[in-house]
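Structural features, examined
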Amino acid sequence: MKKISRKDAINLIVEVQNIIEKKVDLSKYFSEDQWINSIKEKEIDTDFQGVSNGFLSEIIQSITGYKVEVCGEIEVLFPCPCCAFRTLTESYNPMEGTGYDICPYCNWEDDGTIDANTYRSINRGSIADYRQRIRENSNRYYTNKWIKA
Ligand SMILES: [Zn+2]
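The present account deals with the structure reproduced in this document. Only a predicted model underlies this, so the values are computations on that prediction, with no experimental measurement involved.

Time to look at the pattern of salt bridges. Applying the stated criterion across every chain yields a total of 3 salt bridges. For the salt bridge of Lys145 with Glu58, the shortest nitrogen-to-oxygen distance reads 2.9 Å. Here Lys145, found in the segment after helix H4 (127-136), pairs with Glu58, found in helix H3 (residues 53-64); they are 87 residues apart in sequence, far enough to count as distant. For Lys145, a relative accessible area of 54% puts it in the exposed group. Of the residues examined, Glu58 reaches a relative accessible area of 33% and is grouped as partly exposed. Across the pair Arg120 and Asp111 runs a salt bridge, and its minimum N-O distance is 2.6 Å.

The structure is reproduced here in structure tokens:
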């Protein structure tokens, strides 16, 4: 199996994204204008922080056709209090002025809330509400490639 460093894997993905941006008319594939806007606004550099090497391997295989092993240390991020994935670059700490990261998986904004049932105006809901949304929207919040029996 071919091997690629994590850094090169991310660079390759970004290079292909830039080619697609220039050469492919994405509006042909997305019916809603909002989809195109959200694709252009994303922060490419930070998109892959903390994601698994297996996930990067899947992307590399999808865009190149080659099965590859991605090697390198994964950045250890802070766990989201809502979905528990390590997605946050800062932990909530008002004394140090850090936190308020928005989880890229479940969209919860980390405001220091621990109790799942507390309504938070900044999030317009509770952690329990967000977890319910994840359960009800398996297309949007998938974590597995295949469906379990
Ligand atoms: Zn989350």
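Within the protein, Cys80 (SG), Cys83 (SG), Cys103 (SG) and Cys106 (SG) serve as the donor atoms for the zinc ion, at 2.3 to 2.4 Å. Around the zinc ion sit 4 donor atoms, and with donor-metal-donor angles ranging over 103 to 120° the site reads as tetrahedral. When the donors of the zinc ion are listed by position in the chain, the intervening gaps give C-x2-C-x19-C-x2-C. Judged by relative accessible area, which is 3%, Cys80 ranks as buried.

Those residues of H4 that fall on the buried side of the exposure criterion are Ile127, Tyr130 and Ile134. Summarising the axial view, the buried residues of H4 lie within an arc of 65°, below the 170-degree limit, and thus occupy one face. In H4, the exposed residues that point more than 90 degrees away from the buried face are Arg135 and Glu136.

Further remarks concern the pairing of strand E2 (residues 68-71). The alternating pattern of E2 places Val68 and Val70 on a buried face and Glu69 and Cys71 on a face that is not buried. Pairing between strand E1 (residues 2-5) and E2: 4 bridges, direction parallel. Note on E2: the bridge partner recorded for Lys3 is Glu69.

To continue, consider the packing of aromatic side chains. Scanning the entire structure with this criterion turns up 4 aromatic pairs. With centroids separated by 4.8 Å and ring planes inclined at 80°, the aromatic side chains of Phe85 and Tyr105 adopt a geometry described as edge-to-face. Placement of Phe85 in the loop between strand E3 (78-79) and strand E4 (86-88) and of Tyr105 in the loop between E4 and H4 is noted, with a sequence separation of 20 residues between them. Overall, the relative accessible area of 36% leaves Phe85 in the partly exposed class. With a centroid separation of 5.9 Å and 75° between ring planes, the pair formed by Tyr105 and Tyr141 is classed as edge-to-face.

Before going further, it helps to spend a moment on the nonpolar core. Residues Cys80, Cys82, Cys83, Cys103, Tyr105, Cys106 and Trp108 are the most contacted members of the largest nonpolar core, which totals 13 residues. The biggest single contributor to this core is H4, with 3 residues. Grouped together as the second largest cluster of nonpolar side chains are 12 residues, Ala9, Ile10, Ile59 and Ile60 included.

This part is about H3. With 12 residues, H3 extends 16 Å from end C-alpha to end C-alpha; this agrees with the ideal 16 Å at 1.5 Å per step. Every buried residue belonging to H3 is among Asn53, Leu56, Ser57, Ile59 and Ile60, and all of these are buried. The arc that holds the buried residues of H3, viewed along the axis, is 165°, so those residues lie on one side. Where H3 is buried, its residues touch helix H1 (6-23) and E2. One or two positions beyond H3, positive phi appears at Gly65, with a value near 90°.

Rules and cut-offs
- Residues numbered from 1 in each chain as written.
- Predicted model: local features only at pLDDT ≥ 70, side-chain atom pairs only at ≥ 80, totals over all residues.
- Heavy atoms only, no water.
- Salt bridge = Lys/Arg side-chain N within 4 Å of Asp/Glu carboxyl O.
- Helix = DSSP H or I, 4+ residues; strand = E, 2+ residues; numbered from the N terminus.
- Buried < 20%, exposed > 50% of the residue type's maximum accessible area, 1.4 Å probe, protein only.
- Donors = N, O, S within 2.8 Å, 3.2 Å for Na, K, Ca; no water.
- Tetrahedral: all angles 85-135°; square planar, octahedral: opposite > 155°, others 65-115°.
- Arc of directions from axis to C-beta.
- Pairing = 2+ DSSP bridges.
- Phe/Tyr/Trp six-rings, centres within 6.5 Å; stacked < 30°, edge-to-face > 60°.
- Core = buried A, V, L, I, M, F, W, Y, C linked by side-chain atoms within 4.5 Å.
- Expected span 1.5 Å × (residues − 1).
- Contact = heavy atoms within 4.5 Å.

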